[in-house]
Amino acid sequence: MDLHAPSLLTLEDHLRGLSEATDVLARAATDTWWGARVLTCPDWDVLDLVAHQGMVHRWATAAVHADQAGMGNASLSETEGRTSANPVAWLRAGAQALTLALEGAAADLETLVFLKEAPPARAFWARRQCHETTIHALDALSAATGRMPTAEEAWFGQDLAADGIDELLVGFWQRGRTDLRSSEPYAVHVRPNDAPVSWLVRISDEPVRTTRLVGEDAIGAVGAADAKAVPASALTLSGATTDLYLALWNRGGTVEDPDGVLDRWREQGAITWA
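First, a word on scope: everything that follows refers to the structure included in this document. (Residues numbered from 1 in each chain as written. Predicted model: local features only at pLDDT ≥ 70, side-chain atom pairs only at ≥ 80, totals over all residues. Heavy atoms only, no water.)

Another aspect to go through is the sheet that holds strand S1 (residues 186–192). Taking strand neighbours across the sheet as the criterion, the 4 strands line up as S3-S2-S1-S4 in an open arrangement whose pairing is mixed. Each edge of the open sheet is held by one strand with a lone partner, namely strand S3 (209–214) and strand S4 (235–239). The mean angle between the axes of side-by-side strands here comes to 20°, regardless of whether they run parallel or antiparallel. Where strand S2 (residues 197–203) meets S3, 6 bridges bridge the pair, whose relative direction is antiparallel. Counterpart to Ser 198 in the pairing with S3 is Leu 213. Where helix H7 (residues 158–172) meets the sheet, it contacts S1, S2 and S3, and its direction lies at approximately 20° from that of S2. (Pairing = 2+ DSSP bridges. Helix = DSSP H or I, 4+ residues; strand = E, 2+ residues; numbered from the N terminus. Axes fitted to C-alpha atoms, helices over the stretch in contact; angles between N-to-C directions. Contact = heavy atoms within 4.5 Å.)

Quick look at the structure:
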């Protein structure tokens, strides 16, 4: 984990995460039925979920190829997945094509990047699709089990979870596209108890501002220099990194939230696929 880079993981880590999440999603979809409701996305059934994820993989592949026409065919792609004779095979084919596109892309790829403080384009798309697929694999688990996922069911480690928290709090929320605003400014220290990184999230009537803080000496600790950045009045959201990942992405998780931060954030911080 590179705590000082725009992404905490490597390209290879993200491609492995994409592959593993696609496998989990495919297996969960196979283990249930197409009409099963997705608890974490109540408007969707499993076929909706698979068609959506396969469409996003193809949309991302078009982005890697700087293919604007392909990116504009999202609705047609989703229909293709929904009407496929084998939606799971169609999903896997899209993930494989995306992986090949990313493996073959130039290190200095120039194409769309849409998050704040993002890594270069090739690394950006590997990271984005790793977490996109991981979150939707968790959705598939919720459909298969009929309940919210738990950290014990997570197939990924704390490094991937920390990277996904970072992408959400630094990349998405600072983008200014959510409703996270408050007329009374406040700060929240998002603090994993098992990783050497945390985040200070400042909410006001302006776009969210997030600072990544790096522990110096101990897992779960904030370094002396960074500790000065955390105001005494800051609220705290803490727990195991994987639990925080699930909770912040609205996919379950058990965290310590004495001030009800998640209740404030759940609707206001929602992320849409585009």
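This part covers empty space enclosed by the protein. Under the definition given, this model contains 1 cavity of 30 Å³ or more. Looking at the largest cavity, the residues that line it are Leu 115, Lys 116, Ala 118, Pro 119, Phe 124, Arg 127, Glu 167 and Gly 171. Only helix H6 (121–145) and H7 provide two or more residues apiece to the lining of the largest cavity. Residues belonging to the lining of the largest cavity are distributed by class as follows: 4 nonpolar, 1 polar and 3 charged. (1 Å grid on protein atoms, 1.4 Å probe; cavity = no way out; pocket = protein on both sides within 12 Å on 5 of 7 lines; lining within 4 Å. Points joined across faces, edges and corners; volume = space filled by probe spheres on them. Nonpolar A, V, L, I, M, F, W, Y, C, P; charged D, E, K, R; others polar.)

The next subject is helix H1 (residues 11–31). In a regular helix each residue adds 1.5 Å, so 21 residues correspond to 30 Å; H1 covers 30 Å between its end C-alpha atoms and thus fits that length. Among the residues making up H1, those that are buried are Leu 11, His 14, Leu 15, Gly 17, Leu 18, Ala 21, Thr 22, Val 24, Leu 25, Ala 26, Ala 28 and Ala 29. Where H1 is buried, its residues contact helix H2 (46–64), helix H5 (87–104), H6 and H7. (Expected span 1.5 Å × (residues − 1). Buried < 20%, exposed > 50% of the residue type's maximum accessible area, 1.4 Å probe, protein only.)

The next point concerns the pairing of S1. Both faces of the sheet carry side chains from a regular strand, because those side chains alternate between them. In terms of burial, S1 is largely enclosed, as 6 of its 7 residues are buried. The sheet contact formed by S1 and S2 spans 5 bridges and is antiparallel. Residue pairing for S2: Val 190 is matched across the bridge by Trp 199. Where S1 folds back on S2, the antiparallel hairpin that results is connected by 4 residues. Bridging between S1 and S4 involves 5 bridges; their strand directions are parallel. When the sheet's bridge partners are listed, Val 190 is paired in S4 with Leu 237.

Positive phi is not limited to glycine here, since Ala 66 has a value of about 55°. Locating Ala 66 in the fold gives a position in the loop between H2 and helix H3 (68–71). In this structure, Glu 117 takes a positive phi of about 50° despite not being glycine. Secondary-structure assignment places Glu 117 in the loop between H5 and H6. The class of Glu 117 is exposed, set by a relative accessible area of 51%.

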